[in-house]
Amino acid sequence: MTSREELDTSGPNVPLLAPTDASPDFRDADDEALDPDLSYSEGWFIWILTFSAGISGLLFGYDTGVISSTLVTIGSDLSNRPLTTIDESLITSCTSLFALIASPFTGVLADKYGRRRVILVADILFALGAVTQAFTSRVWWMIVGRSIVGLAVGSASAVTPLYIAEVAPSHARGRLVTIMCLLITGGQVVAYVVGWLFSQKSGGWRWIVGLGAVPAILQFAVLLVLPETPRWLIQAGHDSQAVAVLTRIYQNCPECDRVVNRVLCGIRAEATQETEEMDRSKASNANLQWLHDASQRTQDLFYTGGNRRALIIAMMLQGLQQLCGFNSLMYFSGIIFKTLSFSSPTLTSLTVAVTNFLFTLLAFAFIDRIGRRRILLYSIPVMVLALCSCAISFSSIDIAWGSQPPTHQDDAENHTIYPLLILFCLTVYTAAYAFGLGNVPWQQSELFPLNVRSLGSGLATATNWGSNFVVGLTFLPMMEWMSPTWTFVIYAGVCAVGWVAVHRIYPEMSGLGLEEVKGLLANGWGVKESLRRGV
Ligand SMILES: O[C@H]1[C@H](O)[C@@H](O)[C@H](O)[C@@H](O)[C@H]1O
């Protein structure tokens, strides 16, 4: 372990540059000239770090995607009876509920023990949850297994984007975090395919859920040899290790030493400021210091204007990502397509999952070029149009939406062009969602300064899971009690309100260093400054 004082002699042999400060004019000409990021392609090391951490995304996608096929293939294998509606609701929603519980705590743990260790613990939980589900013969143990997976998904979804954002060079941060989203949506496609392959086999559902343990074990093994993020290492006082990691990250950069120093200065300035603040307020009992620090961070998050604004933006985006209703398709598209008389509802549902994956791939290619804000402002109106067209199409067919199972009032009437039109609208909606809202909110970590980053990310992730839980719980009742037309009109309304919020308060973050964002939000929402700067 190396102390901060040792760093100046152990770091790269160039003079230290002044750290970027929190001035509203957050990026000066000198920064541009020195920008490490604009003219080189990142090396293999950063890709290894990103993909290794991103396996959590695959697990997240797989474990949320398998539920629909699992439920329809369990039959009477659990507790020697068919699943009741309550069983099905509990098995489905306990995962989001426990993810909601885990995510804010993850923030505190990731500060104390490090980002990587939290991912390792999540892997153990993923594997434990998968094995519990695969070997159980009781409904209650199935619920326990799904809840353990929920804890894993909640912590992994909070800490993985944080890990990736903290290791990524700023010019590629958007793309690298989007890899996690790519793996989430890829995991959902794999889940649908595995579900389809095993659904005909007796007891096939045990394989469907049990296979979730494999990527978890793989990730555990890989992450054991990979490093912590440079930002956490500096915060924890391991400066020489941070220098080593940064040097490997920027190895392809023409002015590697200079760039490493610049990044290091920015991080150190933030870490030092935080240490000074923490030193000023010591807990009376040393054993409770971590609790004291956590409460100090919480106060800092809520009472410092810039941090509070960052939290509002992050929570707003995560809430919007879920309340726009996309996961109702993920969980219930089979039921929707069955009601619309498609001959193979599961195969039709696969179009949703595949479209989601392909357009996340497109976002991966464009996010750093178009910018986060602009991508949302372009894609949300398409979602609104698609949802409204969907609502109109639903109003044109005569469907009585019963809960178990949905029934048709008049089958002949439903065999019209409208089911195809609805499929088309839902595909367009999915494409627009995947291009924007499906991934931009996961860029959340870049909004927060170091001292409140993991707590802020944890709370934003909790908003995601809370809203996910609400949509999962309310979609079928809304379809039944309010009609499909009004359900989709409400989702369109949420998207429209969300567009206005994005337009007013979400500044463009593309290309900014993590330490520079603080300056942008310090005195206001920073929208105008960010647009003046351009992406
Ligand atoms: O970013 C992901 C992705 O869009 C998934 O398809 C969706 O199921 C998740 O809820 C979301 O967080």
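Each value, and the rule that gives it
Residues numbered from 1 in each chain as written. Predicted model: local features only at pLDDT ≥ 70, side-chain atom pairs only at ≥ 80, totals over all residues. Heavy atoms only, no water. Helix = DSSP H or I, 4+ residues; strand = E, 2+ residues; numbered from the N terminus. Buried < 20%, exposed > 50% of the residue type's maximum accessible area, 1.4 Å probe, protein only. Contact = heavy atoms within 4.5 Å. Areas by Shrake-Rupley, 256 points an atom, 1.4 Å probe, with all protein chains shown as cover. Phe/Tyr/Trp six-rings, centres within 6.5 Å; stacked < 30°, edge-to-face > 60°. 1 Å grid on protein atoms, 1.4 Å probe; cavity = no way out; pocket = protein on both sides within 12 Å on 5 of 7 lines; lining within 4 Å. Points joined across faces, edges and corners; volume = space filled by probe spheres on them. Near = heavy atom within 4 Å. Sits in = over half its atoms within 2 Å of the grid points. Domains from an automatic or database assignment. Buried area = accessible area lost by both parts, 1.4 Å probe. Salt bridge = Lys/Arg side-chain N within 4 Å of Asp/Glu carboxyl O. Polar contact = N/O pair within 3.5 Å; in protein donor to acceptor, adjacent residues only side chain to side chain. Core = buried A, V, L, I, M, F, W, Y, C linked by side-chain atoms within 4.5 Å. Nonpolar A, V, L, I, M, F, W, Y, C, P; charged D, E, K, R; others polar.

## Concerning the overall build of the chain
In terms of helices and strands, the chain carries 24 helices and 2 strands. By the burial criterion, 59% of the 535 residues in the chain qualify as buried. Pairs at least 24 residues apart make up 81% of the contacts formed inside the chain by residues separated by at least 6 positions. Roughly 21,100 Å² of accessible area belongs to the chain as shown, and the carbon and sulfur atoms make up 65% of that amount.

## Let's talk about the packing of aromatic side chains
Counting across every chain of the model gives 13 aromatic pairs. Pairing Phe326 with Tyr433 gives two aromatic rings, centres 4.1 Å apart and planes at 10°, and the pair type is stacked. With Phe326 in helix 16 (residues 326-339) and Tyr433 in helix 20 (residues 418-435), this pair connects stretches of sequence that are 107 residues apart. On the basis of relative accessible area, Tyr433 is assigned to the buried category, the value being 5%.

## Here we look at empty space enclosed by the protein
Counted under the stated rule, the structure contains 4 cavities of 30 Å³ or more. Of the voids in this model, the largest cavity is the one considered here, and its volume is about 200 Å³. Surrounding the largest cavity, 21 residues form its lining, Phe60, Ile184, Gln188, Gln321 and Tyr433 being those nearest its centre. At the level of elements, helix 3 (44-65), helix 8 (173-198), helix 15 (305-323), helix 16, helix 17 (345-370), helix 20 and helix 21 (450-482) are the ones that each hand at least two residues to the lining of the largest cavity. Here the lining of the largest cavity gets 4 residues from one element, more than from any other, and that element is helix 8.

## Here we look at the site of the ligand
Around the ligand sit 13 residues, and of these Gln188, Gln321, Asn327, Asn356 and Gly438 come closest. The fraction of the free accessible surface of the ligand (300 Å²) that becomes covered by protein chains is 98%. Of all the cavities here, the one that holds the ligand is the largest cavity. Broken down by secondary-structure element, the contributors of at least two residues to the shell around the ligand are helix 8, helix 15 and helix 16. Sort the elements by how many residues they give to the shell around the ligand and helix 8 lands first, with 3 residues.

## Some thoughts on the domain arrangement of the chain
Domain parsing of the chain yields domain 1 (44-226 + 300-533) and domain 2 (227-273). Domain 1 and domain 2 are separated by 32 Å when their C-alpha centres are compared. Contacts between the two partners involve 27 residues from domain 1 and, on the opposite side, 18 residues from domain 2. Buried area between domain 1 and domain 2, summed over both chains or domains, comes out near 1,900 Å², and the portion from carbon and sulfur atoms is 54%. Ranking the residues of domain 1 by area buried against domain 2 places Phe45, Leu450 and Glu515 at the top, with a combined share of 36%. Viewed at the interface, domain 2 and domain 1 are joined by 0 salt bridges. The interface formed by domain 1 and domain 2 contains 7 residue pairs in polar contact (both at pLDDT 80 or more).

## Notes on the nonpolar core
Counting residues in each nonpolar core, the largest one holds 84 residues, and the members touching the most others are Leu340, Leu376, Phe394, Leu447, Phe488, Val502 and Tyr506. By residue number, the principal contributor to this core is helix 18 (residues 372-396), which donates 11 residues. If we ignore the near neighbours within four places in the chain, the residues touching Leu376 are Leu317, Pro381, Gly436, Leu437, Val440, Trp499, Val502 and Tyr506. Listed in part, the 60 residues of the second largest apolar core include Leu120, Ala172, Ile184 and Leu233.

## Quick notes on the layout of surface pockets
Here the largest pocket is characterised by a volume of approximately 1,100 Å³. Around the largest pocket, the lining comprises 43 residues; the ones closest to its centre are Leu71, Glu88, Tyr331, Phe332 and Ile335. For the lining of the largest pocket, the secondary structure elements donating two or more residues are helix 4 (67-73), helix 5 (85-113), helix 8, helix 16, helix 17 and helix 21. At 8 residues, helix 21 tops the list of elements feeding residues into the lining of the largest pocket. When grouped by side-chain class, the residues that make up the lining of the largest pocket number 22 nonpolar, 18 polar and 3 charged.

## Looking at the environment of Val66
Here Val66 is to be found in the loop between helix 3 and helix 4. A relative accessible area of 1% means that Val66 is categorised as buried. Between the C-alpha atoms of Val66 and Gly458, which are 392 residues apart in sequence, the distance is 25 Å. When residues no more than four places from it in sequence are discounted, the contact partners of Val66 are Arg146, Ala191 and Ile208.

## Concerning the pattern of salt bridges
On inspection of all chains with the given rule, the structure shows 11 salt bridges. For Arg175, the salt bridge is made with Asp368, and the minimal N-O distance between the two is 3.8 Å. Of the two residues, Arg175 is situated in helix 8 and Asp368 in helix 17; the sequence distance between them amounts to 193 residues. The salt bridge partner of Glu446 is Arg372, with a shortest N-O separation of 2.8 Å. Here Arg372 lies in helix 18 and Glu446 lies in the loop between helix 20 and helix 21, a separation of 74 residues in the sequence. In terms of burial, Glu446 and Arg372 fall into one category: buried. Each member of the salt-bridge network shares a partner with another, and the members are Asp111, Arg115, Glu166, Arg297 and Arg453.

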